[in-house]
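# Understanding the architecture of this molecule
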Amino acid sequence: MILLKLFVWRTNMCGIIGYVGKRIAERVLIDALKKLEYRGYDSSGISVFNDGTLSTFRKVGKLINLESDLAERALTSRIGIGHTRWATHGKPTELNAHPHSSTKNKITVVHNGIIENYLEIKQQLEKECNFQSETDTEVIAHLLEKCYAVEGDLLKAVACTVKTLKGSYALAVLCQDKSNEIVVAKNSSPLILGLGKGEMFVASDITAILSYTNKSMVLEDGDIGVITKNTVQVYDKELKKVTREIREIKWDAVLAEKDGYKHFMLKEIYEQPQVIEDTLRGRVNLEENDVAFDYVNLNEEDIKNIDRVVILACGTSYHAGLIAKFLMEDLVGIPCEVDIASEFRYRKHLNVLNAETLVIAISQSGETADTIASFEAAKKANVKNLVISNVIDSTLARKSDNVVYTRCGPEIGVASTKAFTAQLCVLYLVAIFLGKKRKSIDNDLVALVLKELLKLSQKMSQALKNTKAIMEDWAKKFHKKHSFLYLGRNINYPIALEGALKLKEISYIHAEGYPAGEMKHGPIALIDENMPVLTIATQSSVYDKIAANVEEARARGGRMLVIASEGNDKIRYQSEFVVYVPKTMEILTPMLNIIPLQFLSYYIAEIRGCDVDQPRNLAKSVTVE
Ligand code: F6R
């Protein structure tokens, strides 16, 4: 059971495509997969009919590997499904690549999502089915074949299969007996149908098919559909026919890749509620009041012996680490230091690290040279270690004994947004995991935090909705300023640092994040009527203190901009500009407070005409020192 759990590779970003019509399917599939490559690209594959037989071709690495392989095969099928994979953990191998086939090769399936109960299903099917991969998806192929044997109909087989699945899925299914139809299904993963003349498509998003048709039908959760070259029919879970609106998309392909957003950064800001849902999926067990990870092998004894946590990271990931210090100390009760990787790597620390130290490296890319070097240096002291990364099988992930992946999909905007909140989300889970094993965390508190974490996605959507227009307005009013101060206290001090970093890197305005209580020891001298002072003053144990800091800055003529909790009307007497975010537990406030700050930096950079997604002098992965 444990072994299975450790070696199952799941996917949640990925791109799927299906085609039936008059063209050579292989060419349409490859062309569409190229447009979906931005969703991930560790392996890819297609299934088509080759001489009347359902045939699957898969390759590891970039799509070009699959394309070159297919070029020599002269396939002529007019129907097929395809997949480009972005695994959330585990090795990208040919066997793990999609499409996945059932034992008798009667069915092939592509999947985007996470099947939470794959283990139970796998255990039930293992005796009768020949499992080839370590993915969660393969259980779907075997279930489909089983249901098809009973129902004798592909649509009914899909309906019967999805009743067993828990989790998220967008599926496209081909059957050996049905060379003219693709059956699709959707729950919590994106899926659209594309309607052409004498040809139909299914895809993860419109980007993939925009060069063939601009007519699409967005499927809803629970929908099951059948497409043939001339027909589209959508059903609900009980196979009652339903109608979905046909929309005409006016975007060009570039805009479509960004889902209609002007920049990847904005798209990624908006993806955060979904990313948080994905990152929590299958890891929180409310019944047992606990959390679980697939690739963490630290046992109770190891964890009890930890006497200190050292966190290593750079940039935005370092800011996530600074927040984790509060979690380690307040929730778990272990002393915690957070170090900038480029500083740590050149210090002599071997004599202060030992087998009782847990070193956590945080890196979206898993390729940051300084983080890798500092992690390797720490490992020489035989420390316990853990990596938090977004990229499957990244260099850092491979160097670590334990890994927890954030599930953001590729982050393309250079300024990190969704990776930051996903890192925080993982850090809350890691803190609870450690606290539970050490029996140092109160069970009622765990229950509270877990329940509130599960509500965060919805609260983030609320914060996105409520703060966008206000931040656009602030951006219009303040984009010409030369300098900004960001103030925060306690667990929101790192959010002040992160807000200032976002502004610096994409709008090229100087901004400084400061602990508000430290102002009077120097920086308060900077404040005059030209200085916007952005203060994070949401409800907290230090609210009165920060409210007093707002007063101090206001008294010196500073232009006060305040992030406050909904319902705090009093703060309006202290500040000209207030933006409200939903209430949550104090330790979770950073997850919501960062949202208006991401927006503010984005809109200021936009007005100033800066290159938002690729700011000057910066690279997404800093793979050199
Ligand atoms: C800022 C930003 C950078 C990265 C830093 C570390 O928006 O993106 O500061 O956070 O370069 O990168 P990773 O997390 O990939 O190690």
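That block above? That's the structure.
Residues numbered from 1 in each chain as written. Predicted model: local features only at pLDDT ≥ 70, side-chain atom pairs only at ≥ 80, totals over all residues. Heavy atoms only, no water.

### Comments concerning the state of the cysteines
- Here the structure, examined in full by the defined rule, presents one disulfide.
- Each sulfur in the disulfide pair Cys-147 and Cys-160 lies 2.3 Å from the other. Torsion about the S-S bond of the Cys-147 and Cys-160 cystine: about -55°, corresponding to left-handed handedness. A residue pair is termed long-range when its members are at least 10 positions apart, and Cys-147 in helix α5 (residues 138-151) and Cys-160 in helix α6 (residues 154-164) qualify at 13 residues.
- Relative accessible area serves as the criterion here: at 8%, Cys-147 is assigned to the buried category.
- Residue class for Cys-160 comes out partly exposed when judged on its relative accessible area of 26%. (Disulfide = S-S within 2.5 Å. Helix = DSSP H or I, 4+ residues; strand = E, 2+ residues; numbered from the N terminus. Buried < 20%, exposed > 50% of the residue type's maximum accessible area, 1.4 Å probe, protein only.)

### Overview of the packing of helix α9 (residues 272-280) against helix α16 (residues 443-478)
- In contact at an axis separation of 8 Å, α9 and α16 are set at 170° when each is read in the N-to-C sense. If you check the angle between α9 and α16, you find them roughly antiparallel. In contact with Gln-272, Pro-273, Ile-276, Glu-277 and Leu-280 of α9, α16 contributes Leu-453, Leu-454, Ser-457, Met-460, Ser-461 and Leu-464.
- Here the residues of the contact of α9 with α16 sort into seven nonpolar, three polar and one charged. (Axes fitted to C-alpha atoms, helices over the stretch in contact; angles between N-to-C directions. Parallel < 35°, antiparallel > 145°, perpendicular 65-115°, else oblique. Contact = heavy atoms within 4.5 Å. Nonpolar A, V, L, I, M, F, W, Y, C, P; charged D, E, K, R; others polar.)

### Let's talk about the nonpolar core
- Formed by 93 residues in total, the largest nonpolar core has its most connected members in Val-309, Met-328, Ile-360, Leu-453, Trp-474 and Tyr-486.
- The residues that make up this core include at least three from each of domain 2 (266-441) and domain 3 (464-607).
- Those residues in contact with Val-309, other than ones at most four positions away along the chain, are Met-328, Ile-334, Pro-335, Cys-336, Glu-337, Leu-358 and Ile-360.
- Residues Ile-140, Ala-141, Leu-144 and Leu-165 belong to the second largest nonpolar core, which totals 32 residues. (Core = buried A, V, L, I, M, F, W, Y, C linked by side-chain atoms within 4.5 Å. Domains from an automatic or database assignment.)

### Examining the sheet that holds strand β14 (residues 241-242)
- Judged by pairing direction, the sheet is antiparallel, and its seven strands sit side by side in the order β5-β6-β7-β8-β12-β13-β14 without closing on themselves. Edge strands, defined here as strands with exactly one partner in the open sheet, are β5 (100-101) and β14.
- Bridge count for β5 against strand β6 (residues 107-115) is two bridges, and the pairing is antiparallel. Opposite Ser-101, over in β6, you have Thr-108 as the bridge partner. (Pairing = 2+ DSSP bridges.)

### Re the site of the ligand
- With respect to spatial proximity, 13 residues lie near the ligand, and among them Ser-317, Ser-363, Ser-365, Thr-368 and Glu-505 are the closest.
- Ser-363 places a polar side-chain atom, nitrogen or oxygen, 2.6 Å from an oxygen atom of the ligand.
- Within the side chain of Glu-505, a nitrogen or oxygen atom sits 2.5 Å from an oxygen atom of the ligand.
- Considered on its own, the ligand offers 410 Å² of accessible surface; in the complex 90% of this is hidden by protein.
- Sorting the residues of the shell around the ligand by element identifies α11 (315-332) and α17 (493-507) as the ones contributing at least two each.
- In terms of residue count, α11 provides more of the shell around the ligand than any other element does, three residues in total. (Near = heavy atom within 4 Å. Polar contact = N/O pair within 3.5 Å; in protein donor to acceptor, adjacent residues only side chain to side chain. Areas by Shrake-Rupley, 256 points an atom, 1.4 Å probe, with all protein chains shown as cover.)

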